[in-house]
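Listed below, chain by chain, are the residues.
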Amino acid sequence: MSAAASATHPIDADAVLWRDGADGRPGSDLLVVMHGIGSHEGDLFALAPFLPDRLTIAALRAPLQYGPGFAWYAAGSQMSTDSALIDASARGVLAWLDGLDDEFRSVSLLGFSQGGAMTLQLLRHAPERFAAVVQLSGFSFAGTAPGDAALAEAEPRVPAFQAYGSADEMIAREATARTIAWMQAHTDVEVHEYAMGHSIVQDELQDVVAFLDRVLPG
C-alpha cells in the first residue's frame, strides 16, 4: 500500500463544536456536520438551532488549511476517480469517531459541498456505522470504494437525503447527475432540487428536518 493510500489527516478534537441533545449526550443520536471547502466548523454549526433538539451535533473542522479556512482535500475535481484525495480525511473522521468516550445510539452525517462529498465517502468506507446521510450540494467520487457492494445489497438501505440547486454555479451538472445515480443505486435516497445556487435555503432546511425526524424518530 502506498503512503498516499494509507495516509490519515486527523481531526482536531479541540476544534469540534458540540451541541448536546435534549436528552443528554450519552445515548443520544449523533449528527456529525462537515463544512465546505474554504470554510470552518462554525459555518454549518449555525444550523444547529434549527435542527431537532434531541440530536447531539458535532461540527468538525476539516484538517487541511485552505486560504483563510479549511478543506477536506485540496486537489482534484468533482469528476475525479482518485479517492486517495479524500480518503485520508475520511480515515481521520473514522479515527475521531473511534476515540469518542460517549456511547451514542446512532451516528449520522450531514455535509455541504466538499463536506457532502465527505458524507458519501465515509459511508462507502464504513456502511455499517451510519444511520443516515444528508448530502447538500455535494458530489460522489467516481470509481469504486470498499463498501459499495454492501451498501447496494443492504436490506434496508441507509436512508439518504440529496439536495442540489438548479442554479448551482459550483457543482458541475454531470457531477450532480452521477451522484444522484450513485445514491439511487446504493442508498434509500430522496432527491430534492431547489431554486438556488450553491447555498442552503429555508425550504431545504425544513425538508432536512422532516427527513431527520422521520429516519431518526428518537
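Residues numbered from 1 in each chain as written. Predicted model: local features only at pLDDT ≥ 70, side-chain atom pairs only at ≥ 80, totals over all residues. Heavy atoms only, no water.

**Q** Talk me through the pairing of strand E3 (residues 56–60); I want residue IDs and the actual numbers.
**A** Within E3, five of the five residues are buried, which leaves the element mostly enclosed by the surrounding structure. Burial of E3 is two-sided: the residues Thr-56, Ala-58 and Leu-60 facing one way and the residues Ile-57 and Ala-59 facing the other way are all buried. Sheet topology places strand E1 (residues 17–19) next to E3; three bridges connect them, and they run antiparallel. Note on E3: the bridge partner recorded for Arg-19 is Ile-57. Here five bridges tie strand E2 (residues 29–34) to E3, and the two strands are oriented parallel to one another. Residue pairing for E3: Val-32 is matched across the bridge by Ala-58. (Buried < 20%, exposed > 50% of the residue type's maximum accessible area, 1.4 Å probe, protein only. Helix = DSSP H or I, 4+ residues; strand = E, 2+ residues; numbered from the N terminus. Pairing = 2+ DSSP bridges.)

**Q** If you had to explain the sheet that holds strand E8 (residues 159–165) to someone new, which residues and values would you point to?
**A** Read across the open sheet, the seven strands follow the order E1-E3-E2-E6-E7-E8-E9; overall the sheet is mixed. Here the strands that pair on one side only, and so sit at the sheet edges, are E1 and strand E9 (188–194). Direction aside, neighbouring strands of the sheet carry axes that sit 15 degrees apart on average. Here helix H3 (residues 84–98) sits on the sheet and contacts E1, E2, E3 and strand E6 (106–112); the angle it forms with E2, its principal contact strand, is near 150 degrees. (Axes fitted to C-alpha atoms, helices over the stretch in contact; angles between N-to-C directions. Contact = heavy atoms within 4.5 Å.)

**Q** Can you lay out the nonpolar core for me, pointing to particular residues and giving the numbers?
**A** Val-32, Met-34, Leu-60, Val-93, Leu-97, Leu-122 and Phe-130 are the most contacted members of the largest nonpolar core, which totals 38 residues. Elements with a contribution of two residues or more to this core: E2, E3, H3, E6, helix H4 (114–125) and helix H6 (173–186). In terms of residues, this core owes the most to one element, H3, which gives six residues. Membership of the second largest hydrophobic core comes to 24 residues, among which are Leu-31, Leu-55, Ala-59 and Ala-163. (Core = buried A, V, L, I, M, F, W, Y, C linked by side-chain atoms within 4.5 Å.)

**Q** Which residues make up the packing of aromatic side chains, and what values do they have?
**A** The final tally for this structure, using the stated rule, is five aromatic pairs. With a centroid separation of 5.9 Å and an interplanar angle of 35 degrees, the aromatic rings of Trp-18 and Trp-96 are classed as tilted. Of the two residues, Trp-18 is situated in strand E1 and Trp-96 in helix H3; the sequence distance between them amounts to 78 residues. Under the relative-accessibility criterion, Trp-18 is labelled partly exposed at 27%. Aromatic side chains Tyr-73 and Phe-141 sit 5.4 Å apart centroid to centroid with 70 degrees between the ring planes, which places their arrangement in the edge-to-face category. Here Tyr-73 is found in the loop between strand E5 (69–71) and H3, whereas its partner Phe-141 is found in the loop between strand E7 (133–136) and helix H5 (148–153), with 68 residues between them in sequence. You'll find Tyr-73 and Phe-141 in the same group, each marked buried. Pairwise contacts between aromatic rings join Trp-18, Trp-96 and Phe-104 into one cluster. Of note, Arg-25 hangs over the ring of Trp-18, and the distance from its end group to the ring centre comes to 4.0 Å. (Phe/Tyr/Trp six-rings, centres within 6.5 Å; stacked < 30°, edge-to-face > 60°. Lys NZ or Arg CZ within 6 Å of the ring centre and 35° of its normal.)

**Q** Describe helix H7 (residues 202–215), naming the residues involved and giving the relevant values.
**A** The first and last C-alpha atoms of H7 sit 20 Å apart over 14 residues, in line with the 20 Å expected at 1.5 Å per residue. For H7, every residue scored as buried is listed here: Glu-204, Leu-205, Val-208, Val-209, Phe-211 and Leu-212. On an axial view of H7, the arc spanned by its buried residues comes to 160 degrees, and they lie on one face. Summarising the geometry of H7, the exposed residues directed more than 90 degrees from the buried face are Gln-202 and Arg-214. Buried positions along H7 lie against E2, E6, E7, E8 and E9. (Expected span 1.5 Å × (residues − 1). Arc of directions from axis to C-beta.)

**Q** Which residues make up unusual backbone geometry, and what values do they have?
**A** Along the chain, Glu-155 connects to Pro-156 via a cis peptide bond; the corresponding omega equals -5 degrees. Although it is not a glycine, Ser-113 sits at a positive phi angle of roughly 60 degrees. By the element assignment, Ser-113 lies in the loop between E6 and H4. Even without glycine at this site, Ser-137 takes up a positive phi of about 55 degrees. With respect to the helices, strands and loops of the structure, Ser-137 is situated in the loop between E7 and H5.

**Q** Could you give me a rundown of H4, with the residues and numbers involved?
**A** Here H4 contains 12 residues, and its C-alpha end-to-end distance of 17 Å stays within 8% of the 16 Å for a straight helix at 1.5 Å per residue. Judged by how many residues are buried, H4 sits mostly within the fold: 11 of 12 residues are covered. Listed as buried for H4 are Gln-114, Gly-115, Gly-116, Ala-117, Met-118, Thr-119, Leu-120, Gln-121, Leu-122, Leu-123 and Arg-124.

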